[in-house]
Amino acid sequence: MSAPRQPSRGPGDRRPSGPARTGQKGGARAPRPRAGDPARSGDQRRVPRPGDRAARPDPRRPAARRPARPAARPQPRHIRLADPRRRLRLVTVALVLVFAVFAGRLVQLQLLDSDALAAQAGANTYVKVRLPAERGSITAADGTVLATSVDAYDITADPTLFTPESTHVPDAPEQAAALLSPILGQPKEKLAAALHLNPKNPRSQYALLSPRQSPETKNQITDLKSSLARQADSGACRTQRALLGKPADQGGRTQLDAGCANPLAGVFNDASTRRTYPADGLAGNLVGFVNAEGTGTGGLELQYQKELAGQEGWSVYASAGGHRVPSGGGSRQDPVSGTDLRLTIHPDIQWAAQRAITDQVANAGAEKGYVIVQDVKTGQVLAMATSPGFNPNALSSARPEQLGNPAVQDAYEPGSTAKLMTMAAVLDTGTATWDTRVTVPNTLQRSDRVFHDDVDHPTWYLTLAGVLAKSSNIGTIEAAEHLGKTQAESNQVLAGYLDRFGIGKPTGLGFPGETRGILAKPEAWSGSQQYTIPFGQGLSVNAMQATSVFSTIANGGVRVDPGLVMGSTGPDGRYTAAPAGAQNRVVSEQTARTLTEMLESVVTDEQGTGGKAQIPGYRVAGKTGTANRVDPKTGKYSGYTASFIGFAPADQPRVTVSCVIQDPVNGHFGGQLCGPVFKQVMEFTLKSLQVPPSGSEAPNLPVEWKP
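In this report, we go over the structure that sits alongside the text.

The rules behind the values
- Residues numbered from 1 in each chain as written.
- Predicted model: local features only at pLDDT ≥ 70, side-chain atom pairs only at ≥ 80, totals over all residues.
- Heavy atoms only, no water.
- Pairing = 2+ DSSP bridges.
- Helix = DSSP H or I, 4+ residues; strand = E, 2+ residues; numbered from the N terminus.
- Axes fitted to C-alpha atoms, helices over the stretch in contact; angles between N-to-C directions.
- Phe/Tyr/Trp six-rings, centres within 6.5 Å; stacked < 30°, edge-to-face > 60°.
- Buried < 20%, exposed > 50% of the residue type's maximum accessible area, 1.4 Å probe, protein only.
- Salt bridge = Lys/Arg side-chain N within 4 Å of Asp/Glu carboxyl O.
- Contact = heavy atoms within 4.5 Å.
- Core = buried A, V, L, I, M, F, W, Y, C linked by side-chain atoms within 4.5 Å.
- Patch = residues over 30% accessible without salt bridge, like charges linked within 9 Å, V, L, I, M, F, W, Y side chains within 5 Å.
- Areas by Shrake-Rupley, 256 points an atom, 1.4 Å probe, with all protein chains shown as cover.

1. As for the sheet that holds strand β13 (residues 381-387)
Inference 1: One open sheet holds the five strands; their spatial order is β13-β12-β24-β23-β22, and the pairing between them is antiparallel. The outermost strands of the open sheet, each flanked by one partner alone, are β13 and β22 (621-630). Here the strands of the sheet are splayed against their neighbours by 10° on average, with no regard to which way each runs.
Inference 2: In terms of strand pairing, strand β12 (residues 368-375) meets β13 through six bridges, oriented antiparallel.

This is the structure we're talking about:
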């Protein structure tokens, strides 16, 4: 076999003969020897110098010379990919561990630490408080304030801040109660009970200690609270707080010293309002009053509770440890103020009426009395006074029976003032005229009773006007008997007129506790009742109903529902007038004119019973009343009801005034007791309203005739 063929050499190839020299990877040529280097031959190897990159020859390959190549780049390493199943297992295990931790923590929070966390959340939470609306005011017709609201404060507390855990004091409620009792004027036991947690609602953060306190009381509590806070913030107290909860071997404490605790830290005040009555007892029976919570409880305060109260708002704020956090956020709904009421009452006339009835009740030794002044054209009540009255600013000094308004709440038998309705029926039906002759005996047998007049007398020969002027019961019975062909028909006719006059029905005021009076159906009238009702016994009315009867005649026979409210001003400041009272015609205008002249005879004729009601310069029409009184306690007749009702000027009627006195001791006739009250109040009213005097004389209708 021939030797392998050597590659051909080029002219520049000076590669030495002999074994191939190595020193570079891939058979690269070794550097030539420099001058001065010792000569090498045969198998002698060159000692590598530092920095040489020659590699050792591969013994498996022949040492053949190769053409020179550029240095090769380092070969990249081969990366071995991880097993994806192993990685998935690791991730799964990690997630299981995380969810296990979450589940354990959830169990701890929900089951083991729920009570503690709830207590902690209660100390750091959002608190919702109500924002009371400003209650509307009540004013008289001229703007005089009768009821208004002033700034006040509700003293409140957070019971959760009085627990031993919160205060580190075992008796914090008792300490706070002892401090607040003399300021609020309440028993310590009551305050301490309010400061303890309610077992039925242990998470409640609100307790009302005392509502509507004055700014002075609020400032007194605030100053005391601040003083206690400064004392509790001393250096020694701060040290005690730092040691709270630490182990005993570190000097820990379980509670604070008394001087280091602020028992009033959980006491707060919320802005509110307090009802006040600047006019004191003026029209107190009408205006009424509110209770401790500021809710209308009597009178117009109760009747218009919804309008006056407005709509309360609310505020939500962040609280930490019982303190408001200014930057904690929250929300607010502003309250809407209540509506202001303007009454028809004239304060001067109201004052005059109250003074007159109060004096006469005292003089007569009576149980009570009331006066009403009404505008005959509009039905508006200009005054409604009672005696004894009460001061809404001092309810504690008033007896329970004084807190109402007997002018509309008392039902009484009117007596002879009701004869006006009987005469109206007789005239309006054409049964008789004012000058119809009536023979009036001393006694009259009807059904199972014998009837009398107030005084014994021989047989009277009276006109129908005379029957009214002398207030004859017998003459009234005789006139009423002719209203129908039978007594039953007469009863039906009379009952129809009583109904149209408003007897047995609401007055239209809608006043709380108002009575309708009592009027039985005519078919139910008893044997004696069908004869007593015509002269005012056997039925009952309230004073407003009786007054309205006379105003109807004064208004030409048209009844107008009475009113107490002139108008109202809403939260937007817009005034709205109250609607006019409903009207209905009861008798003809001619009947009303004739009745007015007949009523004048009661006052002007020397035989009339109402002479004490005369007013110089003014024509007066009116009627006296003296009725047996039913005692409301026993239900039996006991004592009397004295009354007088009239209007003036009779020629141009403007005002009706009624006076009623219950159970007088010193006298009992209506003309004697109520005539002077009518005169005093009517005279003052006419001057206040600047009503001009009458321009004509009274007709002075004849009251008698000669047989």
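2. Observations concerning the packing of aromatic side chains
Inference 1: Under the definition given, this model contains six aromatic pairs.
Inference 2: Taken together, a centroid distance of 6.3 Å and an interplanar angle of 55° make the contact between Phe451 and Tyr531 tilted. Of this pair, Phe451 sits in strand β16 (residues 449-452) while Tyr531 sits in helix α17 (residues 529-532), and the two are 80 residues apart along the sequence. In terms of burial, Phe451 and Tyr531 fall into one category: buried.
Inference 3: Relative to Trp705, the ring of Tyr461 has its centre 5.2 Å away and its plane inclined at 75°; by these criteria the two rings are edge-to-face. On the criterion of sequence distance, the pair formed by Tyr461 in strand β17 (residues 460-463) and Trp705 in the segment after α20 (670-688) is long-range, its members being 244 residues apart.
Inference 4: For Tyr461, a relative accessible area of 29% translates into the label partly exposed.
Inference 5: For Trp705, a relative accessible area of 18% corresponds to the buried category.
Inference 6: Pairwise contacts between aromatic rings join Phe451, Tyr531 and Phe535 into one cluster.

3. Considering the pattern of salt bridges
Oppositely charged side chains can pair when the atoms bearing their charge come close.
Inference 1: Inspection of the entire model under this criterion finds 13 salt bridges.
Inference 2: When the shortest N-O distance is used, the salt bridge between Asp375 and Arg654 registers 3.9 Å. Of this pair, Asp375 sits in strand β12 while Arg654 is found in the loop between β23 (637-648) and β24 (655-662), placing the two residues 279 residues apart along the sequence.
Inference 3: Salt bridges linked by common partners bring Arg135, Arg275 and Glu301 together as one network.

4. Focus: the side chain of Gln402
Inference 1: Considering the arrangement of structural elements, one finds Gln402 in the loop between β13 and α12 (406-409).
Inference 2: Residue contacts for Gln402: discarding those within four places in its chain leaves Pro388, Gly389 and Phe390.

5. A look at the nonpolar core
Inference 1: One finds Met384, Leu464 and Phe501 to be the most contacted residues of the largest nonpolar core, which totals 88 residues.
Inference 2: Beyond its immediate stretch of four places on either side in the chain, Met384 contacts Asn285, Leu286, Ile345, Gln350, Val371, Ile372, Asn405, Ala407, Val408, Leu509 and Met544.
Inference 3: One finds Ala385, Val603, Val681 and Met682 within the second-largest nonpolar core, a separate group that totals 33 residues.

6. Overview of a nonpolar patch on the surface
Inference 1: Nonpolar side chains collect at one region of the surface, where Val91, Leu95, Val98, Phe99, Val101 and Phe102 lie side by side and expose about 600 Å² of accessible area between them.
Inference 2: With respect to the helices and strands, Val101 occurs in helix α1 (residues 84-112).

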